[in-house]
Amino acid sequence: QVQLVESGGGLVQPGGSLRLSCAASGSIFSINAMGWYRQAPGKQRELVASITDGGDTNYADSVRGRFTISRDNAKNTVYLQMNSLKPEDTAVYYCNADAVYYSSRYGRSRDIYWGQGTQVTVSS
């Protein structure tokens, strides 16, 4: 009952910047934590950054100081500002949300949702 739609991926040169957006829609009651994950070819999916509904953030060591996660609760949207991009940042980036939604069966239900993924390529 909740859909995540991502945008903002693309091709940039090393040192460049990108801003990813992920908007949640549907019968949403509330969204708790939201985050960004990434998966490079041949690699396991890893957490990049997360943010709670209260604004507390957490970052992977590899991106701390370069990436910034933020959210707009009124728009049910999470952002990932990526600066000083490196070739090793190349991956498919996935949006994630821990949400409570209105259920026709149970009134309220909690589930974890994933976006479809957006490609980020950093190359010269």
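Heads up: these notes are all about the structure in this document.

Rules behind the numbers
- Residues numbered from 1 in each chain as written.
- Predicted model: local features only at pLDDT ≥ 70, side-chain atom pairs only at ≥ 80, totals over all residues.
- Heavy atoms only, no water.
- Core = buried A, V, L, I, M, F, W, Y, C linked by side-chain atoms within 4.5 Å.
- Buried < 20%, exposed > 50% of the residue type's maximum accessible area, 1.4 Å probe, protein only.
- Helix = DSSP H or I, 4+ residues; strand = E, 2+ residues; numbered from the N terminus.
- Contact = heavy atoms within 4.5 Å.
- Pairing = 2+ DSSP bridges.
- Axes fitted to C-alpha atoms, helices over the stretch in contact; angles between N-to-C directions.
- Disulfide = S-S within 2.5 Å.

**Section: the nonpolar core**
Generally speaking, nonpolar side chains in soluble globular proteins are found buried as a group.
Part 1 of the argument: By size, the foremost hydrophobic cluster in this structure holds 32 residues, and its most contacted members are Trp36, Leu80, Met82 and Tyr93.
Part 2 of the argument: Those elements that place two or more of their residues in this core are β1 (2–7), β3 (18–26), β4 (28–39), β5 (46–51), β7 (67–72), β8 (77–82), β9 (91–103) and β11 (118–122).
Part 3 of the argument: Per-element accounting of this core gives the leading share, 6 residues, to β9.
Part 4 of the argument: Ignoring anything within four residues of it in the chain, the contact list for Tyr93 reads Glu6, Leu20, Trp36, Tyr37, Arg38, Val48, Phe67, Leu80, Met82, Gly117, Thr118 and Val120.

**Structural notes on the sheet that holds β1**
Part 1 of the argument: Across the sheet, which stays open at both edges, the 4 strands sit in the order β1-β3-β8-β7 with antiparallel pairing between neighbours. Two strands lie at the open edges of the sheet, namely β1 and β7, each paired on one side alone. Adjacent strand axes in the sheet meet at a mean angle of 15 degrees when their direction is disregarded.
Part 2 of the argument: In this structure, β7 lies alongside β8, joined through 6 bridges in antiparallel fashion. The residue of β8 that forms the bridge with Asp72 is Thr77.

**Side note on the state of the cysteines**
Part 1 of the argument: For the structure shown, the criterion picks out 1 disulfide.
Part 2 of the argument: Each disulfide pairs two cysteine sulfurs, and for Cys22 the partner residue is Cys95, the sulfurs being separated by 2.1 Å. Handedness of the Cys22-Cys95 disulfide follows from its S-S torsion of about -85 degrees: it is left-handed. Of this pair, Cys22 sits in strand β3 while Cys95 is found in strand β9, placing the two residues 73 residues apart along the sequence.
Part 3 of the argument: A residue is classified by how much of its surface remains accessible, and Cys22, at 0% relative accessible area, is buried.
Part 4 of the argument: Of the residues examined, Cys95 reaches a relative accessible area of 0% and is grouped as buried.

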